[in-house]
Amino acid sequence: QVRLVESGGGLVQAGGSLRVSCVASGGPFGWHAMGWFRQAPGKEREFVAAISWSGGSRDYADSVKGRFTISRDNAKNTVYLQMNSLKPEDTAVYYCAAKWVVADIIVYEYDEWGQGTQVTVSS
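Rules behind the numbers
- Residues numbered from 1 in each chain as written.
- Predicted model: local features only at pLDDT ≥ 70, side-chain atom pairs only at ≥ 80, totals over all residues.
- Heavy atoms only, no water.
- Helix = DSSP H or I, 4+ residues; strand = E, 2+ residues; numbered from the N terminus.
- Buried < 20%, exposed > 50% of the residue type's maximum accessible area, 1.4 Å probe, protein only.
- Disulfide = S-S within 2.5 Å.
- Contact = heavy atoms within 4.5 Å.
- Polar contact = N/O pair within 3.5 Å; in protein donor to acceptor, adjacent residues only side chain to side chain.

1. Considering unusual backbone geometry
The backbone phi angle of Asn77 is positive, close to 55°, even though this residue is not glycine. Position of Asn77 among the secondary structure elements: in the loop between β7 (68-73) and β8 (78-83). Classification of Asn77 by relative accessible area gives partly exposed; the value is 25%. Unusually for a residue other than glycine, Ser85 sits at a positive phi of about 50°.

2. Section: the state of the cysteines
In total, this model carries one disulfide according to the counting rule given. Bridging Cys22 to Cys96, the disulfide has an S-S length of 2.1 Å. Where Cys22 bonds to Cys96 through sulfur, the torsion about that S-S bond is close to -75°, and the disulfide is left-handed. Residue Cys22 is found in strand β3 (residues 18-25), and its partner Cys96 is found in strand β9 (residues 92-100); the two are separated by 74 residues along the sequence. One exposure class covers both Cys22 and Cys96, and it is buried.

3. A look at the environment of Tyr60
With respect to the helices, strands and loops of the structure, Tyr60 is situated in strand β6 (residues 58-60). Overall, Tyr60 belongs to the buried group, its relative accessible area being 17%. C-alpha separation for the pair Tyr60 and Ala97, spaced 37 residues apart in sequence, amounts to 14 Å. Here Tyr60 is in contact with Phe47, Val48, Ala49, Lys65, Phe68, Thr69 and Ile70, once residues within four sequence places are set aside. A polar contact is formed between the side chain of Tyr60 and the backbone nitrogen of Ile70, at a distance of 3.0 Å.

4. Re the environment of Gln115
On the secondary structure map, Gln115 appears in the loop between β10 (112-113) and β11 (117-122). For the pair formed by Gln115 and Val5, sequence separation is 110 residues and the distance between their alpha carbons is 6.7 Å. For Gln115, the residues in contact, after removing those within four places along its chain, are Leu4, Val5, Glu6 and Tyr95.

Rendered as structure tokens:
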């Protein structure tokens, strides 16, 4: 199992940018598919982005395509979510997730979760 710790959340104006990070420890990060999810108040948690081992495969929710970019640095055991052109509806707690996999694929169901980092976009 890996332990995940997110950071980088905060308050930003609409149209601005923010990068959140997730550092993994306690396991072979390079063997984990990684993902980002978010949960807004009163709403269910939703998928945001996913990335494979190598970073060669990525997927995004339609609501963030063209604005958000997921990336990873396996040497630093870190996955990132660069968020540009932020909108008030992007306000949520953002969670990092990991799943040990045997192939370089993206997944949508995860076993380990971080504690989340708050992102607030003001209008």
